[in-house]
Amino acid sequence: MPIASSDLQSLRQSIAKIGRDGSARQMDPVSKKMPTGHPAIDQALGGGLARDALHEVAPQSPSDLAAATGFALGLIGRLAQKRDWVWIGEEMTRHEGGQAYGPGLKNFGLDPARLLLVAPRVAEDGLKAAEDALRCAALGAVLLEPWGLPKQLDLVALRRLALAAEENTVPLIVLRHGGQSLAGSLRTRWRVAAAPSYGRESVGHPRFALTLLLNRQAGAQGAGGSWTTEWSHGERLFRPTDSVDHLSASTNGPAETPDAA
Amino acid sequence: MIVALDRHALAVGLAKGMTLATARALCPALDVAESDTLADRQLVEHIASWMERYTPCVGLIASDGAPPDGVTLDITGAAHLLGGEESLLADCLTRLRAQGFEATAAIAGTAECAAAFARFKDEMIIIPRGTEPQAAAALPIAALDLSSSDVIALARLGLKTIDDLASRPRAPLAARFGHDLLARLDRVRGVVETPITPRRFIPAFITERRFAEPIGHEDDIHRTILTLAADLARLLEKQGQGGRRFELAFFRADGAMRRLGIETARPLRDPKTVMRLFRDRLNTLADPLDPGFGFDVIRLSVPVAEILDAHEPDFDGRTDFAEDLAALIEKLGVRLHPSRVMRLHAEDTHLPERTMRYLPAQDGNAALAAEWDLWSDADLPPLRPIRLIDPPEPVEVIAEVPDGPPIRFRWRRVFHVVVKAEGPERLAPEWWRMTGQALPPTRDYYRVENEQGARFWLFRGGLYERETNDPRWFVHGLFG
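Computed from a prediction, not measured in an experiment: that's the story for all the values here.

1. Digging into the overall build of chain B
The secondary structure content of chain B amounts to 13 helices and 16 strands. Expressed as a percentage of its 480 residues, the buried residues of chain B come to 31%. Considering only contacts in chain B between residues 6 or more positions apart, those separated by 24 or more positions represent 53%.

Encoded structure:
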């Protein structure tokens, strides 16, 4: 039976990968990636966000905290699927930024029953809890929300977290409130700002203006980028805003601007 | 007034209840210290805790109405561990004296009898079982711990010892002094037994190790915990039980003791897991375990146990996930505190801050997806925020009309221009839940979006003109 040369090529590549790092798990790096649903973003990420790594999400300005939270939750909704996930929110973040709200999470497309909420008093406890959580392969994702930039979150600590994430293929998203960017073993770094939702009168589905500042994704070109995306909680994916605008304009054009009618 | 005094003061002729002036007159060189009932109480409690090294059943004894000044131990079945009653008593007194206490002690068939002997006989004494009434005969009337007027009345009758009382006909005594006197008499004579009221709940499962040479090295301590956990596992397994709470007690030779507890998310008996949890606990102690010159008794007990059947894994290995997760919850609970590891639960109410409750994850209330069904709507944009600001924070709002949506508002010193607003969604107070309280104002909720696209959940407290003329605004949540 003849074999297409492209098939043979990919087979060779796969074999080469096994040979290089000696682990069969690495054979298909794509399975470790979670596509966001937004074609341009997925292309920049080389297929999707790595599940076995650390990612940083931070608001563009203090008023964008909720948008950054929304983006992080969207990623987690996709990463965790039906598994449990952990939100480690230092006590101060709950006071300052508000606490995780069950009905809102459900509205956002996440099952509140899958959430394990951890409220450490200080940053140090949060870090330890994050490492414990990353070592639990049953989890779909871990969200760590430190207050400010704790000094404990240094190169060594991040490296430890990255190793734990890699070993168990549990992704860690660090949601910063402000302060400086983390330095160290991050796979990607995102800045998030709120973007006006669709429609002139009514408040529509959540939209985010994203900037990818750091991109160390395997198979990607390492390029950053800026996109605006809309979170569709029904489909649980990020979709490009132009497609939504276009879709709505073409299917029910007049309804797009009810106030104009 | 003199509250307490030592042996030397007694010898000079001082007594409790004497005024200080009288005492000074009798003995000018008197050393006086202000009494501190709280510290006394703590000291007695501390001694009682330390006494648990002999038996977990330790109670406090007190004279009528006075703070406790003694400790009773139920040593049934415990004496042989220290080579018999005599050596237990000797060991106890030697250790107390080494700590600088003056103590007397007695062993008898009943707690009250032993207490009477300890109070009124100087030497240590063991009353053989069954001979309590004869032995108690020589005790003074004061051993009955009666009111002072009764004691004086009895003394006037020429009754000075227990024997004087016990040999009288009971009926006239009861008529003159009440039945309480006879009851006390019976208890001190060991005829009637009153159980010791232990200070702490006595666990059903206990294992302990005693060391001739106190241990203090971390490795030794860990090894001991592991062997104790293994012993405990055998006890638990026999009964088909697992521990939900474990408690370690470390007794130091010099009188200090320390308790460490862990709570688990599910019944547990695997020694390695128990060990691991305790090791985490030990490593995260803010105030680390101080072995001093070493611990000579370490006890592991299970105050709370539950039925635990042998583990049977599922075909698809899903139980592994559940197990892993339970182990994580447990670990985090030990590290932080069980109340800091939570699950969200929906409540049947529409008051936003009450629709949800955080409950400790390890209480076993598994979160249910169905609880939240009310809030799913795939088509509409989210109606509820992802972050709830609780309690709601007041904001300055400019609205076109008092009962209209906001146009601009200021929150945390930032000015927001509202571009889109949806509402109001009127949430009335739940008058049926309020009885006898003033009804809080009705809330009109708006979902608003500012120029930059940030989305907020605001509400106006109070219906304009009907409930208030100056409604106040609050921000209650943030949308993604």
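Following the structure, the description resumes.
2. Remarks on the interface of chain A and chain B
Counting residues at the interface gives 51 residues for chain A and 52 residues for chain B. For the side of chain A that touches chain B, the secondary-structure elements that each account for two or more residues are α3 (65–80), β5 (99–100), α5 (102–107), β6 (115–118), α6 (123–134) and β9 (188–195) of chain A. At six residues, the largest contribution of residues to the side of chain A that touches chain B is made by α5(A). Residue composition of the side of chain A that touches chain B, grouped by class: 27 nonpolar, 15 polar and nine charged. Sheet topology note: the β5(A)/strand β11 (residues 387–399) of chain B ladder contains two bridges and is antiparallel. Within β11(B), the position partnered with A:Ala100 by the bridge is B:Arg387.

3. What to know about helix α10 (residues 179–188) of chain B
Residues and elements named next belong to chain B. For α10, the set of buried residues is Arg184, Leu185, Arg187 and Val188. Projection of α10 onto a plane perpendicular to its axis shows the buried side chains occupying an angular sector of 165°, all on one side. Looking at the buried residues of α10, the elements they touch are α5 (111–120), α6 (132–136) and α8 (162–166). After α10 finishes, the residue Gly190 shows a positive phi value of roughly 75°.

4. Side note on the nonpolar core
The biggest cluster of nonpolar side chains holds 102 residues, and the ones touching the most others in it are A:Val118, A:Val142 and A:Leu143. At eleven residues, the largest contribution of residues to this core is made by α3(A). Excluding residues within four positions of it along the chain, A:Leu143 makes contact with A:Ala72, A:Ile76, A:Val86, A:Trp87, A:Ile88, A:Ile173 and A:Leu175. Residues B:Phe117, B:Val188, B:Ala229 and B:Ala305 belong to the second largest nonpolar core, which totals 60 residues.

5. Comments concerning the pairing of strand β7 (residues 141–145) of chain A
All names here are of chain A. Most of β7 is tucked away: five of the five residues are buried. By the alternation rule, side chains of β7 split into Ala141, Leu143 and Glu145 and Val142 and Leu144, which are all buried. Bridge count for β7 against strand β8 (residues 172–175) is three bridges, and the pairing is parallel. Within the sheet, the bridge partner assigned to Val142 lies in β8 and is Leu172. Handedness of the crossover joining β7 and β8 through helix α7 (residues 155–168) is recorded here as right-handed.

6. A look at the environment of B:Arg447
Turning to its location among the elements, B:Arg447 is positioned in strand β14 (residues 443–450). When the C-alpha positions of B:Arg447 and B:Phe479 are compared, they lie 8.6 Å apart, and in sequence the two are 32 residues distant. Setting aside its immediate chain neighbours within four residues, B:Arg447 contacts A:Val203, B:Glu422, B:Gly423, B:Arg455, B:Trp457 and B:Phe479.

7. Notes on the sheet that holds strand β8 (residues 295–307) of chain B
Residue and element names in this part refer to chain B. An order of β5-β8-β6-β7 is seen for the four strands of this open sheet, with the pairing classed as antiparallel. Each end of this open sheet is capped by a strand with a single partner; those strands are β5 (205–215) and β7 (257–268). Across the sheet, the mean angle separating the axes of adjacent strands is 15° when strand polarity is ignored. Of the pairings in the sheet, the one linking strand β6 (residues 241–252) to β8 comprises ten bridges and is antiparallel in character. If you follow Phe251 over to β8, its bridge partner there is Val297.

8. A closer look at the packing of helix α11 (residues 218–238) of chain B against helix α12 (residues 271–283) of chain B
Residues and elements named next belong to chain B. Their axes nearest at 8 Å, the elements α11 and α12 cross at an angle of 140°. In terms of axis orientation, α11 runs oblique to α12. For the crossing formed where α11 meets α12, the hand is right-handed. Residues His222, Ile225, Leu226, Ala229, Ala230 and Ala233 of α11 form the contact with α12, whose participating residues are Pro271, Val274, Met275, Phe278 and Arg279. Its residues placed into classes, the contact of α11 with α12 shows nine nonpolar, one polar and one charged.

Definitions and cut-offs
- Residues numbered from 1 in each chain as written.
- Chains lettered and ligands numbered in written order.
- Predicted model: local features only at pLDDT ≥ 70, side-chain atom pairs only at ≥ 80, totals over all residues.
- Helix = DSSP H or I, 4+ residues; strand = E, 2+ residues; numbered from the N terminus.
- Buried ≥ 20, exposed ≤ 12 C-beta atoms within 10 Å, placed from the backbone.
- Contact = placed C-beta atoms within 7 Å.
- Nonpolar A, V, L, I, M, F, W, Y, C, P; charged D, E, K, R; others polar.
- Pairing = 2+ DSSP bridges.
- Arc of directions from axis to C-beta.
- Core = buried A, V, L, I, M, F, W, Y, C linked by C-beta atoms within 7 Å.
- Right-handed = clockwise from strand over helix to strand, strands pointing away.
- Axes fitted to C-alpha atoms, helices over the stretch in contact; angles between N-to-C directions.
- Parallel < 35°, antiparallel > 145°, perpendicular 65-115°, else oblique.
- Left-handed = near helix turned anticlockwise from the far one by under 90°.

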